[in-house]
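Survey of secondary and tertiary structure
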Amino acid sequence: MRPTEPRGESPMARHYLMCEPRFFTVSYEINPWMDRTRPTDASLAVRQWQRLRDTYRDLGHTVDEIEPIDGLPDMVFAANGATVVDGVVYSARFRHPEREAEGPAYQKWFADRGYVTHTAARTNEGEGDLLVVGDVVLAGTGFRTDPAAHAEAQELFGRPVISLELVDPRFYHLDTALAPLTADNVAYYPPAFSPGSRRVLEQLYPEAVIASERDAEALGLNAVSDGTHVVHAPDAVDLAAQLRERGFETLAVNTSELLKGGGGAKCCTLEIREAVRR
């Protein structure tokens, strides 16, 4: 295939929120990746996280940090903490009690900085299941986020929200099965979705990058794109090759310790989309 330039938004500096995994451990099991019998190394998790944070800063992006809270080991997965569109914050409302306190902690961080926040009435796990692609929001359901949250998000953001059903428990959040690349294209793993949702994705994104099973099992789709660069798991070699063929610059960042909790680069990265001045 002849290399092509990524289509969609122009490269621009992004604004991210992250949380250092100072208290990272696997003390409970709420997804298939978690195993309490496997030892974890918080210091290694911190070093890997710092490399990810510094990669964003080296690319010219702004990274803010929220203070981690002892007893909330999954708080490092900042993407689950909220969804921010046009400066409006839709709080997370977690399905599992082990993570309940994370939603209010992230919401307070935004409120303390003057953001308009909306306390969710419906169960949703932030950008884990609500992914902004151009002018639409792709919304996952099936394991964590209530379909009613999709309607709540649409009313709040005033953008079309397209529901997609996840069917493989390994890919319990949408951001483990699909990665936005530009304003008009994505990468995804078809077997993670119901037949109807696959057809929707085929219609919306006929030029999508299709990930292999090996990519998906490495959580390669838990990736972060700024429209030009894609930060991804090192073992997602097939995906990286396809992205380079499309004209993207790929950056492999190892988050293997955090994978023990079921997360990668995107899970650690909450994008703050500010209000657009008109």
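The following paragraphs examine the structure supplied in this document.

Conventions adopted
Residues numbered from 1 in each chain as written. Predicted model: local features only at pLDDT ≥ 70, side-chain atom pairs only at ≥ 80, totals over all residues. Heavy atoms only, no water. Helix = DSSP H or I, 4+ residues; strand = E, 2+ residues; numbered from the N terminus. Rg over C-alpha atoms; globule rule 2.2 N^0.38 Å. Buried < 20%, exposed > 50% of the residue type's maximum accessible area, 1.4 Å probe, protein only. Salt bridge = Lys/Arg side-chain N within 4 Å of Asp/Glu carboxyl O. Pairing = 2+ DSSP bridges. Axes fitted to C-alpha atoms, helices over the stretch in contact; angles between N-to-C directions. Contact = heavy atoms within 4.5 Å. Phe/Tyr/Trp six-rings, centres within 6.5 Å; stacked < 30°, edge-to-face > 60°.

Focus on the overall build of the chain
The number of helices and strands found in the chain is seven helices and 15 strands. Relative to its length of 278 residues, the chain is compact, with a C-alpha radius of gyration of 17 Å against a globular reference of 19 Å. With the C-alpha coordinates of the chain rotated into their principal frame, the extents come out at 50 × 40 × 40 Å. Taken over 278 residues, the chain has a buried fraction of 55%.

Concerning the pattern of salt bridges
Inspection of every chain in the model, using the stated rule, returns 19 salt bridges. In this structure, glutamate 29 engages arginine 36 in a salt bridge whose closest nitrogen and oxygen atoms are separated by 3.6 Å. One salt-bridge network, held together by shared partners, links Arg14, Glu127, Lys266, Glu271 and Arg273.

Things to note about the side chain of glutamate 20
If you trace the backbone, glutamate 20 turns up in the loop between β1 (15–19) and α1 (42–58). For glutamate 20, a relative accessible area of 17% gives the class buried.

Things to note about the sheet that holds strand β7 (residues 136–141)
In spatial order, the strands read β6-β7-β8; together these three strands make up an open sheet with mixed pairing. The open sheet has two edge strands with one neighbour each: β6 (130–133) and β8 (161–165). Between one strand axis and the next, the sheet turns through 25 degrees on average, direction left out of account. As paired elements, β6 and β7 share four bridges and run antiparallel to each other. In the sheet register, leucine 131 faces β7, and the bridge partner there is leucine 138. Helix α4 (residues 195–204) rests against β7 and β8 of the sheet, and its axis sits at about 135 degrees to β8.

A few points about the packing of aromatic side chains
By convention here, two paired aromatic rings are described through the distance between centres and the angle between planes. Taken as a whole and judged by the stated rule, the model has six aromatic pairs. Between the aromatic rings of phenylalanine 110 and tyrosine 115, the centroid separation amounts to 5.2 Å while the plane-to-plane angle is 90 degrees, which identifies the pairing as edge-to-face. Owing to a relative accessible area of 0%, phenylalanine 110 belongs among the buried residues under this scheme. Relative accessible area serves as the criterion here: at 17%, tyrosine 115 is assigned to the buried category. Plain terms: the ring middles of phenylalanine 171 and tyrosine 189 are 5.6 Å apart, the flat faces sit at 70 degrees to each other, and that makes the pair edge-to-face.

A word on unusual backbone geometry
Phi is positive for aspartate 86, close to 55 degrees, though the residue is something other than glycine. Following the sequence through the fold, aspartate 86 ends up in the loop between β3 (82–85) and β4 (88–91). Residue classification places aspartate 86 among the partly exposed positions, given a relative accessible area of 29%. Positive phi, normally seen in glycine, also occurs at leucine 219, with a value near 55 degrees.

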